[in-house]
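Structural characterization, general
Spelled out from the first residue to the last, the chains are:
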Amino acid sequence: MKIIKRISILCLCLSYMILSSCSDDYGANPFDNSPFTVSKLPKVLSFEPIEGKAGTEVTIVGVNFSTATDVAFDGKKAESFEIIDDTTIKAIVSEKTTTGPISVTNEKGTRASKEKFTFIKEAADDTPLDVNLAEGKGVTVSINEAANFHITNGKYENAWQVVDGATPAAEGWFIIDLGDAYTFDNIVTAWDMGAYATDYELLVSEDGEQYTSVSHTTDWTTANTEVSGIFTVGKQDITLTSAVKARYVKGIVKACNSPWAMTVCEVEVYKRNATGGEDDTPYDENIAVSRSVTVSTNEAANFHITNGKYENAWQVIDAGASPMAEGWFIVDLGDVMSFNNIITAWDMGAYATDYELLISENGDNYTTISHTTDWTTNNIEPVGVFNVGKQDIKLGNLVRARYIKGILKGCNSPWAMTICELEVYKRKDGSGDTPTVPEDITPMNTNLALNKPITVSSTLYPIPQEAVDGNTTISKWATNDVNTAEHSLVIDLEQEYTINNIDIYWGYNNHSIKTKILVSSDGINYTECASENYNPTAQAGEVVIHNIAFNSIKTRYVKAVFTAYMKEWGLWCYEFEVYKR
């Protein structure tokens, strides 16, 4: 009997606990006012290897990769990338990469890894342009050793001939030792036009043992002839398909065009193109942004010189925060690049009245390109705590360098000289003028809000994304609190566009709606660009369109604030569309 009573008491307790945990308010709370954001941003979880040089393949692991549109290393685009699946991407490191996080961009936005990829920069190529690398260099030959030096002595009036005693040889070869490995893309051979080789092969090697063929000519003619001494000289100008790096240049000569000994007056080796190919420095792009900087003092703030922002700065101060009488910085562009314009953004309260700019390809030998002892500007703007003035230095002709050095002295105030930013450009017109506003490429009559991330003030349904899903008659965003006089939504267009029209599809239950449209580039500071009252006249089951037109404005974020008198169901927005029309 006691056992039965105990079981009965236990059952009653369990029943009470179950009943007390139940509520008439089950399921999702329709009055949840917390912001609600829908997005499928990519996320980088790991990558392997963690370091590498240009050409290294990196395997990136994460989520939401299937729609990836871009992969970057420290903000520099990968040379190429392949989407393996939604969680894996293989990317090739570009030669312009710098050390930093790896980011992936998809249709929803960009996210970067927490860890940094370490970029191993190969030494800059210091091969001089348009200088004959072979002149005066040592030569080894297969025959007629007494005349070998004629191949590289810089003169056309004497020559090396393929002879054995006084008898022409059927074949011969020469090897030029450049003394070091150089990058080159052009080889010129000056022949006696009465005795040139109709079968001529050129090979290169870094170690003098393993050779690679770079050119093979079986017949050739030239209109570029000149008389030099006893020879009528013709130049065979061979531009290689791509630049090579080698120390040794070997020529194999055979099948002479005459019964005489094949005769080489000179062989010249050149690097013609600045990068071993066409100059690929981009136009009107700040090539100094995010580059590494070395400074004379205040090392903790050196990165501010090239971080792309005017609101912070590097100041010439010692450890005790005392202004220095002189300072310097060196910006490493990461590679030898072409430019003709340097802009220095100063704090106008503490700029250098004596400012010298120098450049170098190797970081050792510098050449002055500008020296300013006084300057003024009318282009002043307040940014953060600074009144920023830009010193726009137009070099006119293009220069090539990897390192830019600035020497500062003669401050215009008792405070520390202050640089907010250094910008370096290659301008198309050579003038060095500040670039014009890029051409607007916003597509016309395209709904820019379609499927973009959306944040709302409240929602009755779990998917506010239905306000931008492209369906204007069935799916909708509905607010969950009819007693709140103000509601809002924010759409992230994911990049800046020029917009001037918004279409809002309203349900029949709404009326007397006041709408304010605000825009922002950073998602923090908003500017109002339109405000309208609207009274939808739709009947039950109908949807009406409210078009709001305003002056064109460039923005990334679009915010709508609704103040409404409504019926008991709250606001029903079937679709929110953003256009440039």
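Residues numbered from 1 in each chain as written. Predicted model: local features only at pLDDT ≥ 70, side-chain atom pairs only at ≥ 80, totals over all residues. Heavy atoms only, no water.

**Thoughts on the overall build of the protein chain**
A tally of helices and strands in the protein chain yields one helix and 35 strands. Scored against the burial criterion, the 581 residues of the protein chain give a buried share of 46%. Counting only contacts in the protein chain whose residues sit at least 6 apart along the sequence, the fraction spanning at least 24 positions is 73%. (Helix = DSSP H or I, 4+ residues; strand = E, 2+ residues; numbered from the N terminus. Buried < 20%, exposed > 50% of the residue type's maximum accessible area, 1.4 Å probe, protein only. Contact = heavy atoms within 4.5 Å.)

**Description of the packing of aromatic side chains**
By the definition in use, this model includes seven aromatic pairs. Pairwise contacts between aromatic rings join Phe47, Phe73 and Phe117 into one cluster. For the cation-ring pair, arginine 427 lies above tyrosine 425, with the distance from its terminal atom to the ring centre recorded as 3.7 Å. (Phe/Tyr/Trp six-rings, centres within 6.5 Å; stacked < 30°, edge-to-face > 60°. Lys NZ or Arg CZ within 6 Å of the ring centre and 35° of its normal.)

**Considering a nonpolar patch on the surface**
On the surface, a nonpolar cluster with roughly 210 Å² of combined accessible area is contributed by Leu45, Val61 and Val63. Residue position: valine 63 is located in strand E4 (residues 57-63). Exposure remark for valine 63: the relative accessible area of 32% places this residue in the partly exposed category. (Patch = residues over 30% accessible without salt bridge, like charges linked within 9 Å, V, L, I, M, F, W, Y side chains within 5 Å. Areas by Shrake-Rupley, 256 points an atom, 1.4 Å probe, with all protein chains shown as cover. Salt bridge = Lys/Arg side-chain N within 4 Å of Asp/Glu carboxyl O.)

**Here we look at the pairing of strand E24 (residues 352-360)**
Of all nine residues making up E24, eight are buried, and the element is well covered by its neighbours. As defined by bridge partners, E24 adjoins strand E25 (residues 367-372) across five bridges and the pair is classed as antiparallel. From the neighbouring strand, isoleucine 359 faces E25, where its bridge partner is threonine 367. The hairpin formed by E24 and E25 contains six residues between the paired strands, and glycine 363 there has a positive phi angle of roughly 85 degrees. (Pairing = 2+ DSSP bridges.)

**What about the side chain of serine 205?**
Residue placement: serine 205 occurs in strand E16 (residues 197-205). Take serine 205: its relative accessible area is 2%, and that puts it in the buried class. For serine 205, the side chain forms a polar contact with the side chain of aspartate 207, separated by 2.9 Å. In this view, serine 205 contacts Gln210, Tyr211, Ala246, Arg247 and Tyr248; residues no more than four positions away in its chain are not counted. (Polar contact = N/O pair within 3.5 Å; in protein donor to acceptor, adjacent residues only side chain to side chain.)

**Notes on the sheet that holds strand E7 (residues 80-85)**
With antiparallel pairing, the four strands of this open sheet are ordered in space as E2-E4-E8-E7. Lying at the two open borders of the sheet, with one neighbouring strand each, are strand E2 (43-48) and E7. Ignoring strand direction, the axes of neighbouring strands in this sheet form an average angle of 25 degrees. In this structure, E7 lies alongside strand E8 (residues 88-92), joined through five bridges in antiparallel fashion. (Axes fitted to C-alpha atoms, helices over the stretch in contact; angles between N-to-C directions.)

**Let's talk about the confidence of the model for the protein chain**
Summarising the model, the protein chain shows a mean pLDDT of 82, and 84% of its residues fall at 70 or more. Every residue in residues 18-38 is under pLDDT 50, and counting partners more than four places away or in other chains gives 27 contacts. Predicted confidence is poor over residues 432-437, with pLDDT under 50, and the contacts of this stretch with residues over four places away or in other chains come to 14 contacts. (pLDDT = per-residue confidence, 0-100.)

**Quick word on the environment of threonine 88**
Structurally, the position occupied by threonine 88 is in strand E8. You can call threonine 88 buried: its relative accessible area is 16%. Taking C-alpha positions, threonine 88 is 9.5 Å from phenylalanine 47, a pair spaced 41 residues apart along the chain. Each residue touching threonine 88, except ones within four places of it in the same chain, is listed here: Thr59, Ile60, Phe65, Glu82 and Ile83.

**Some thoughts on the nonpolar core**
Counting 32 residues, the largest nonpolar core has Trp314, Phe329, Phe339, Tyr355, Ile404, Leu408 and Leu422 as its most contacted members. Mapped by element, the contributors of at least two residues to this core are strand E21 (292-295), strand E23 (326-347), E24, strand E27 (386-411) and strand E28 (418-425). Counting residues per element, this core draws most heavily on E23, which supplies seven residues. Sequence-distant contacts of tyrosine 355, that is, excluding residues within four places in its chain, are made with Phe329, Thr344, Trp346, Ser370, His371, Thr372, Gln391, Ile393, Gly406, Ile407, Leu408 and Leu422. Among the nonpolar cores identified, the runner-up in size contains 31 residues, and Ile187, Ala197, Tyr200 and Val269 belong to it. (Core = buried A, V, L, I, M, F, W, Y, C linked by side-chain atoms within 4.5 Å.)

**Let's talk about the sheet that holds strand E10 (residues 109-119)**
In space, the five strands of this open sheet follow the order E3-E10-E9-E5-E6, with mixed pairing throughout. Of all the strands in the sheet, the pair left with one neighbour each is strand E3 (51-52) and strand E6 (76-77). When strand E5 (residues 70-73) meets E6, the two strands line up antiparallel, connected through two bridges. Looking at the pairing, phenylalanine 73 lines up with lysine 76 of E6.

**Focus on the pattern of salt bridges**
Side chains that differ in charge, positive against negative, can pair when their charged atoms come close. Tallied over the entire structure, the rule returns six salt bridges. Of the charged contacts, one joins aspartate 177 and arginine 247 as a salt bridge, the two residues approaching to 2.7 Å between their closest N and O atoms. With aspartate 177 in strand E15 (residues 171-192) and arginine 247 in strand E19 (residues 231-256), this pair connects stretches of sequence that are 70 residues apart. Residue classification places aspartate 177 among the partly exposed positions, given a relative accessible area of 23%.

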